[in-house]
Amino acid sequence: MHEFQYTKASDVGQAVGSVSPSGAKFVAGGTTLIDLMKLEVERPKLLVDINGLPLDRIEPEGNGGLKIGALVRNSDLAHDEQVQRLYPVLSQALLSGASPQLRNMATTGGNLLQRTRCYYFRDVNYACNKRNPGSGCSAMEGYNRIHAVLGTSSHCIATHPSDMAVAMMALGATIFMTGPKGDRSIPITKFYLLPGTTPDRENVLAAGEIITHVTLSPPAQNAKSHYLKRRDRASYEFALASAAVIVELDGRKIRKAQVAMGGVGTIPWRSPEAEHELAGAEASERNFRRAAEAALRGAKAHKDNGFKIELAKRTLVRALQTVTQA
Amino acid sequence: MKENPDESPETKKGDSSTKPPSQLSRRTFLGNIATVGIATTAAPLLQVGELDAQQVHQPATDVAEAPATSAGTVPVSLKINGQTKNLQIEPRVTLLDALRENLGLFGTKKGCDHGQCGACTVHINGRRVNSCLTFAIMHQGDEITTVEGLAKNGELHPVQAAFLEHDAFQCGYCTSGQIMSAVALLKEPCGKDADAIRECMSGNICRCGAYNNIVAAVRSVQGGS
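Residues numbered from 1 in each chain as written. Chains lettered and ligands numbered in written order. Predicted model: local features only at pLDDT ≥ 70, side-chain atom pairs only at ≥ 80, totals over all residues.

### Remarks on the overall build of chain B
Thought 1: Per the secondary structure count, chain B includes 8 helices and 5 strands.
Thought 2: Across chain B, helices and strands are ordered from the amino to the carboxyl terminus as α-α-α-β-β-α-β-β-β-α-α-α-α.
Thought 3: Buried residues in chain B amount to 38% of all 225 residues.
Thought 4: Taking all contacts inside chain B whose residues are at least 6 apart in sequence as the whole, residues at least 24 apart take part in 58%. (Helix = DSSP H or I, 4+ residues; strand = E, 2+ residues; numbered from the N terminus. Buried ≥ 20, exposed ≤ 12 C-beta atoms within 10 Å, placed from the backbone. Contact = placed C-beta atoms within 7 Å.)

Shown next, in the form of structure tokens:
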């Protein structure tokens, strides 16, 4: 691991100010960053420890929603009574990710910024447009079983690894940031950037900006939600395909559905196509399958990951079956 | 990965002739076999006890508490198993490496060094974490507990006793991490059936596959608590 200077920030303004020199990075849980520093994928010259900042609270909002600090640990968020009651999909997604130890470390803000598990991104001996823009993509012709089928480009097919972000994508979370130019917020559906020709740019965070908190709107009456994850082993593994679904039922009729998918997209993948199919439809396997077909219509398989397209469809159908059960 | 950094020559100097042979530790034993092997390849094992009396490891805490300043190092104060330890280390030293390399606490194991196996599990402020994925400098003021800090007044922690009782290990390399996870699990919202325990223990990989006995050990403590 390369050498770096370390400083601990005591307030948000100081934290934002101290990353202005290039080569500085914030560290919170460290579970992605320190891993990548060991691999020399990340080589910060300055590490700004933000664990002392007062961003670790989960607070009810006046409108019935929830405000989640960027430093709330994954385990605390997953086991929070309000989250479990109002947003089961979020609790389930969090508990399906990583291990209890990692969830005790990983933070809400950090998880939104989690980096891909693409083998070629993680190995500095390979070409990777995300790590080293313009060097090429080793995954394209390499072993790409875990790679994305949605949102890919000829420059990058790396999968976004987070489960939590998929649930937040379905919930339509709002992300609040602060930085050298002040505070701003953005819907999570506009936070992530498709790889396109610049896979090194993964989100809209500007240099020096930090996520301060995330808000969730109050859940609709009669809304039910569910997260289903499919992977190579029963636990402690990244998704091959996952689905976060929130459904408002009126009898057996779906009034409204919110659908996001994980393990298949270059970003946490919201599917307005599936939502459109489901809105106003009867809750039936046939309609769930139509929604799944719509969600994966634009999917593009590479050499080893074609199985993900059918797996993702079945995962979404199963998740919808589960959430609409009486 | 360095296979056995704890058995490097640096840790085998010093004198603790007061240590009775009956306290011959596994590490000392293995270390001295290596020494004997170098000195006289045919040395009878009986000599090990004598060697033990002559050259047992210097307690590594002494090394740690006499910091030497070198380029890039900074003072770091850690509270480990109730004791404050002052180190002079680089910011890039992980908590795991500080425990093993600087403090001589070899109970915490280095497996994958990337948060994928759980062998390095310790408690920070009562919560289990992977000590390989955090820097020591980030934990000044925190209460750190390692497997060495579980036993109280010579009595094994009930989870340690249960692992012995249920033969919940084979090679033992993952065991301290498994035990640290199991101890933390008792205070977490984890169910009591075998499936729930498997899920709660999923952050600790055992290549020997002692999982059935590990689950049995955890269940026995859950039931008894």
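### Examining the interface of chain B and chain A
Thought 1: Across the boundary between the two partners, chain B contributes 25 residues, which contact 21 residues of chain A.
Thought 2: Contributions of two or more residues to the side of chain B that touches chain A are made by β4 (127–130) and α7 (194–200) of chain B.
Thought 3: If you tally residues by element for the side of chain B that touches chain A, the top one is β4 of chain B, at 4 residues.
Thought 4: The residue inventory of the side of chain B that touches chain A, partitioned by class, reads 8 nonpolar, 10 polar and 7 charged. (Nonpolar A, V, L, I, M, F, W, Y, C, P; charged D, E, K, R; others polar.)

### Digging into the nonpolar core
Residues and elements named next belong to chain A.
Thought 1: In terms of nonpolar packing, the biggest core is built from 152 residues, with A167, A170, A244, V245 and L316 touching the most fellow members.
Thought 2: Considering every element that reaches this core, the biggest residue donor is helix α10 (residues 164–171), with 8 residues.
Thought 3: Excluding residues that lie within four positions of it along the chain, A244 makes contacts with V89, A93, V166, A167, M169, A170, Y227 and A260. (Core = buried A, V, L, I, M, F, W, Y, C linked by C-beta atoms within 7 Å.)

### Considerations on the sheet that holds strand β10 (residues 241–250) of chain A
Two pairing modes exist for strands in a sheet, parallel and antiparallel, and in both the strands are linked by backbone hydrogen bonds.
Residue and element names in this part refer to chain A.
Thought 1: Taken in spatial order, the 4 strands line up as β9-β10-β11-β12 in an open sheet, and their pairing is antiparallel. Because the sheet does not close on itself, it has two edges, and the strands there are β9 (223–230) and β12 (269–270).
Thought 2: Relative to strand β11 (residues 253–262), β10 runs antiparallel, the two being bridged by 9 bridges. Bridge pairing in β11 links A244 to A260.
Thought 3: The strands touched by helix α5 (residues 88–96) within the sheet are β9 and β10, with β9 carrying the most contacts at an inclination of about 15 degrees.
Thought 4: The strands touched by α10 are β9, β10, β11 and β12; relative to β10, the strand with the most contacts, the crossing angle is about 30 degrees. (Pairing = 2+ DSSP bridges. Axes fitted to C-alpha atoms, helices over the stretch in contact; angles between N-to-C directions.)

### Description of unusual backbone geometry
All names here are of chain A.
Thought 1: Non-glycine residue E40 carries a positive phi angle of around 65 degrees.
Thought 2: Mapped onto the elements of the fold, E40 is located in the loop between α2 (33–38) and β3 (46–49).
Thought 3: Judged by local crowding, E40 falls into the exposed class, with 11 C-beta atoms found within 10 Å.
Thought 4: One non-glycine residue, A98, lies in the positive phi region at around 55 degrees.
Thought 5: Relative to the elements of secondary structure, A98 occurs in the loop between α5 and α6 (100–105).

### Remarks on the sheet that holds β3 of chain A
Residue and element names in this part refer to chain A.
Thought 1: With parallel pairing, 3 strands are arranged side by side in an open sheet as β1-β3-β2. Two strands bound the open sheet, and with one partner strand each, they are β1 (5–8) and β2 (24–27). Direction aside, the axes of adjacent strands within the sheet are offset by 25 degrees on average.
Thought 2: Pairing between β2 and β3: 4 bridges, direction parallel. Directly across from K25, in β3, lies its bridge partner L47.

### Some words on the environment of T266 of chain A
Residue and element names in this part refer to chain A.
Thought 1: With respect to the helices, strands and loops of the structure, T266 is situated in the loop between β11 and β12.
Thought 2: A tally of 26 C-beta atoms within 10 Å means that T266 is categorised as buried.
Thought 3: Each C-alpha atom, one on T266 and one on L194, is 6.7 Å from the other, the two residues being 72 residues apart in sequence.
Thought 4: Non-local contacts of T266, meaning those with residues more than four positions away in its chain, are made with A148, G151, T152, C156, I157, A158, T159, H160, L194 and P195.

### Some details on the packing of α5 of chain A against α10 of chain A
Residue and element names in this part refer to chain A.
Thought 1: Relative orientation of the contacting elements α5 and α10 amounts to 165 degrees, with a least axis distance of 8 Å. One finds that α5 runs roughly antiparallel with respect to α10. For the pair α5 and α10, the crossing hand works out as right-handed. Residues V89, L90, A93 and L94 of α5 form the contact with α10, whose participating residues are M164, V166, A167, M168, A170 and L171.
Thought 2: Of the residues in the contact of α5 with α10, the class split is 10 nonpolar, no polar and no charged. (Parallel < 35°, antiparallel > 145°, perpendicular 65-115°, else oblique. Left-handed = near helix turned anticlockwise from the far one by under 90°.)

### Re the domain arrangement of chain A
Thought 1: Taken domain by domain, chain A holds domain 1 (1–49) and domain 2 (223–324).
Thought 2: Each of domain 1 of chain A and domain 2 of chain A has a C-alpha centre, and the two are 36 Å apart. (Domains from an automatic or database assignment.)

### Examining α10 of chain A
Residues and elements named next belong to chain A.
Thought 1: When you tally the buried positions in α10, you get 8 out of 8 residues, the bulk of the element.
Thought 2: Residues of α10 that are buried: M164, A165, V166, A167, M168, M169, A170 and L171.
Thought 3: Remark: G172 follows α10 within two positions and exhibits a positive phi of approximately 70 degrees.

### Re helix α5 (residues 158–165) of chain B
All names here are of chain B.
Thought 1: Of the positions making up α5, those classed as buried are V159, Q160, A162 and F163. Viewed along the axis of α5, the buried residues span an arc of 160 degrees, placing them on a single side of the element.
Thought 2: Where α5 ends, the next residue or the one after it, D167, has phi of about 55 degrees, a positive value. (Arc of directions from axis to C-beta.)

### Things to note about the packing of α5 of chain B against helix α6 (residues 175–185) of chain B
All names here are of chain B.
Thought 1: Axis separation between α5 and α6 bottoms out at 9 Å; the angle between their running directions is 130 degrees. The orientation of α5 with respect to α6, classified from their angle, is oblique. Taken as a pair, α5 and α6 cross one another with a handedness that is right-handed. From α5, V159, Q160 and F163 reach across to α6, where they touch T175, I179, A182 and V183.
Thought 2: Split by residue class, the contact of α5 with α6 holds 5 nonpolar, 2 polar and no charged.

### As for the environment of K85 of chain B
Thought 1: On the secondary structure map, K85 of chain B appears in strand β2 (residues 83–89).
Thought 2: Along the backbone, K85 of chain B and E188 of chain B are 103 residues apart, and their C-alpha atoms lie at a distance of 29 Å.

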